[in-house]
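For reference, the chains in residue letters:
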Amino acid sequence: MILLPAAAWSWGPLGHRVASKIAEVHLSPAARSAVRDLLGPGVMLADVANWADEQADFRESLPWHYVNVPIAESRYNPKFCQPGGCVVGKIEDFTNVLRDPKQPRPAKQQALKFLIHFIEDLHQPLHVGDTGSRGGNLIQVRFFGEDSNLHKVWDSQIMEHHSRNEQVWLWELTGLATPRMVAEWSKGTPEDWATESLADAKLAYRTPGGKALLKPGARLGKDYCNFALPVIQEQLAKAGVRVAAELNAVFK
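Quick notes on the rules
Residues numbered from 1 in each chain as written. Predicted model: local features only at pLDDT ≥ 70, side-chain atom pairs only at ≥ 80, totals over all residues. Heavy atoms only, no water. Helix = DSSP H or I, 4+ residues; strand = E, 2+ residues; numbered from the N terminus. Contact = heavy atoms within 4.5 Å. Phe/Tyr/Trp six-rings, centres within 6.5 Å; stacked < 30°, edge-to-face > 60°. Buried < 20%, exposed > 50% of the residue type's maximum accessible area, 1.4 Å probe, protein only. Lys NZ or Arg CZ within 6 Å of the ring centre and 35° of its normal. Core = buried A, V, L, I, M, F, W, Y, C linked by side-chain atoms within 4.5 Å. Salt bridge = Lys/Arg side-chain N within 4 Å of Asp/Glu carboxyl O.

Draft legend 1. Seen up close, the environment of Ser74. Position of Ser74 among the secondary structure elements: in the loop between β1 (69-70) and α4 (87-99). Taking the C-alpha atoms as reference points, Ser74 and Leu198, 124 residues apart in sequence, are found 8.1 Å from one another. In this structure Ser74 touches Thr195 and Leu198, once residues within four positions along its chain are discounted.

Draft legend 2. Expanded view of the packing of aromatic side chains. All chains considered together, the criterion is met by twelve aromatic pairs. Consider the rings of Phe58 and Trp64, whose centres lie 5.5 Å apart with planes at 70°: the pair is edge-to-face. On the basis of relative accessible area, Phe58 is assigned to the buried category, the value being 18%. Taking relative accessible area as the criterion, Trp64 reaches 7% and is therefore assigned buried. A ring pair is formed by Phe114 and Phe118, whose centres lie 5.2 Å apart and whose planes are at 20°; its orientation type is stacked. Within this pair, Phe114 and its partner Phe118 are both found in helix α5 (residues 105-122), separated by four residues, close to a single helical turn. Note that Lys90 overlies the ring of Trp64, its terminal NZ or CZ placed 4.1 Å from the centroid.

Draft legend 3. Inspection of the nonpolar core at higher detail. Among the nonpolar cores identified, the biggest contains 42 residues, and Leu45, Val67, Leu98, Leu247 and Phe251 are the most heavily contacted of them. Sorting elements by how many residues they give to this core places α5 first, with eight residues. In this structure, Leu98 is in contact with Leu38, Lys108, Ala111, Leu112, Leu115, Leu247, Val250 and Phe251, ignoring residues within four places of it in sequence. Of all hydrophobic cores here, the second largest spans 38 residues; its members include Leu14, Ala19, Ile139 and Cys225.

Draft legend 4. Just the pattern of salt bridges, in detail. Taken as a whole and assessed by the stated rule, the structure comprises 13 salt bridges. As a salt-bridge pair, Arg36 and Glu24 come within 2.1 Å of each other at their nearest N and O atoms. With a gap of twelve residues between them, Arg36 in helix α2 (residues 29-39) and Glu24 in helix α1 (residues 12-25) connect regions that are remote in the sequence. On the basis of relative accessibility, which here comes to 10%, the residue Glu24 falls in the buried class.

Draft legend 5. Unusual backbone geometry, seen in detail. Its identity as a non-glycine residue notwithstanding, Arg134 has a phi of 55°, on the positive side. The residue Arg134 is located in the loop between β2 (129-130) and β3 (140-143) in this model. In this structure, Phe144 is a non-glycine residue whose phi angle is positive, near 50°.

Bear in mind that shape data such as this cannot, by itself, settle questions of function.
The following block contains the structure:
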């Protein structure tokens, strides 16, 4: 398997799989049928959720996984989407490919796999909010005594510290995705979702409960996890619900 550089990853395999399993539950019958037709019998959303992180030869796709919005900004603005594309713009692009009846089947298959992944990427706060540190990749930290960087901590280490068991995560996220929250989270646009992630990033770069930005060498442990874990749980639940909402809208 060929993988993209770690800086392009979001959530890691565990995060993408559990978000996609939440999405699967909320697909409409029409969307489920269309997805099965494109992916093939027995292939689930979770089975292709990490495909976009495995396309090392698809170099132009690297910037599509994120958008760098300074945390001083109040909301997402399209001006921050680089000319080659960013995660927000590519969600719209691949949605349009799926809607276009003239697009060939291989193009729609690729669009579906990118769309699933990028909606989930958009919900990783450090794939939106930035401090000039490449989404926290340049902020070296100690996570429970282990050398790491802030981006990696949010991508996978907090999740894995909490539990590496997919079923545990599914149980917790399913509990968050109540009918009321599903209806609420299904509203809005990718631009709105980016703004939500930006708000979370403003906190992710700071000491829990404080205003000071984390400094290189910061030691992150229980207090930071207690703050970050509920954010990650909610963002993954939202991501799954919104993948389903987008596909339900496309495949009416």
